[in-house]
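Here is how the chains run, residue by residue.
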Amino acid sequence: QVQLVESGGGLAQAGGSLRLACAASGRTYSTYGMGWFRQAPGKEREFVAAISWSSALTYYADSVKGRFAISKDNAKNTVFLQMNSLKPEDTAVYYCGDRSSPRYAMTDERGYDYWGRGTQVTVSS
């Protein structure tokens, strides 16, 4: 059974930084990539960042480009999201997802087959 466990969320001030991690276990396939999505209260879940596992190509939402950086540790089956210059509008529950196939774009949540439970990020002004 695939498990994704997020960590690193919490409270930060505007302009501050947080680093999220998502560790995967129980895979019976070779992952195509992992991504981060977020959901703010009253809003739909939206794409934040993703990384291709083989090529390490990265993808970012316009709203976080230049502030957030996604990276991975192949040996630990872990993906990271370094979040700098945080803004109050970054407040959301952050979810990591894992892809078992190349279906759909890396930015499309339909392409992610497994999800973590999420970690809360709160940015105060």
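Here's a quick rundown of the structure.

Parameters at a glance
Residues numbered from 1 in each chain as written. Predicted model: local features only at pLDDT ≥ 70, side-chain atom pairs only at ≥ 80, totals over all residues. Heavy atoms only, no water. 1 Å grid on protein atoms, 1.4 Å probe; cavity = no way out; pocket = protein on both sides within 12 Å on 5 of 7 lines; lining within 4 Å. Points joined across faces, edges and corners; volume = space filled by probe spheres on them. Nonpolar A, V, L, I, M, F, W, Y, C, P; charged D, E, K, R; others polar. Buried < 20%, exposed > 50% of the residue type's maximum accessible area, 1.4 Å probe, protein only. Helix = DSSP H or I, 4+ residues; strand = E, 2+ residues; numbered from the N terminus. Pairing = 2+ DSSP bridges. Phe/Tyr/Trp six-rings, centres within 6.5 Å; stacked < 30°, edge-to-face > 60°. Lys NZ or Arg CZ within 6 Å of the ring centre and 35° of its normal.

### Re the layout of surface pockets
Considering only enclosed or pocket space, the largest pocket measures out at about 180 Å³ in volume. Forming the boundary of the largest pocket are 13 residues, of which Arg38, Lys43, Glu46, Glu89 and Asp90 lie nearest the centre. Partitioning the lining of the largest pocket into residue classes produces 2 nonpolar, 3 polar and 8 charged.

### Some thoughts on the pairing of strand S5 (residues 46–52)
With 6 of 7 residues buried, S5 is to be regarded as a mostly interior element. Bridge count between strand S4 (residues 33–39) and S5: 6 bridges; the pairing is antiparallel. Counterpart to Trp36 in the pairing with S5 is Ala49.

### A few points about the packing of aromatic side chains
For any pair of aromatic rings, the description rests on two quantities: the centre-to-centre distance and the angle between the ring planes. Tallied over the entire structure, the rule returns 5 aromatic pairs. For the ring pair Tyr29 and Tyr114, a centre distance of 5.7 Å and an interplane angle of 10° mean the geometry is stacked. Of this pair, Tyr29 sits in the loop between strand S3 (18–25) and S4 while Tyr114 sits in strand S10 (residues 114–115), and the two are 85 residues apart along the sequence. Judged by relative accessible area, which is 32%, Tyr114 ranks as partly exposed. Seen in terms of ring centroids, Phe37 and Phe47 are 5.5 Å apart; in terms of plane orientation they differ by 70°. Their pairing is edge-to-face. Of this pair, Phe37 sits in strand S4 while Phe47 sits in strand S5, placing them 10 residues apart in sequence. Each member of the pair, Phe37 as well as Phe47, is classed as buried. Taken together, Phe37, Phe47, Tyr112 and Trp115 form an aromatic cluster joined through their ring pairs. Here Arg27 stacks its cationic end above the ring of Trp53, 5.6 Å away from the centre of that ring. Geometry around Trp53 places Lys72 over its ring, the cationic atom sitting 5.1 Å from the centre.

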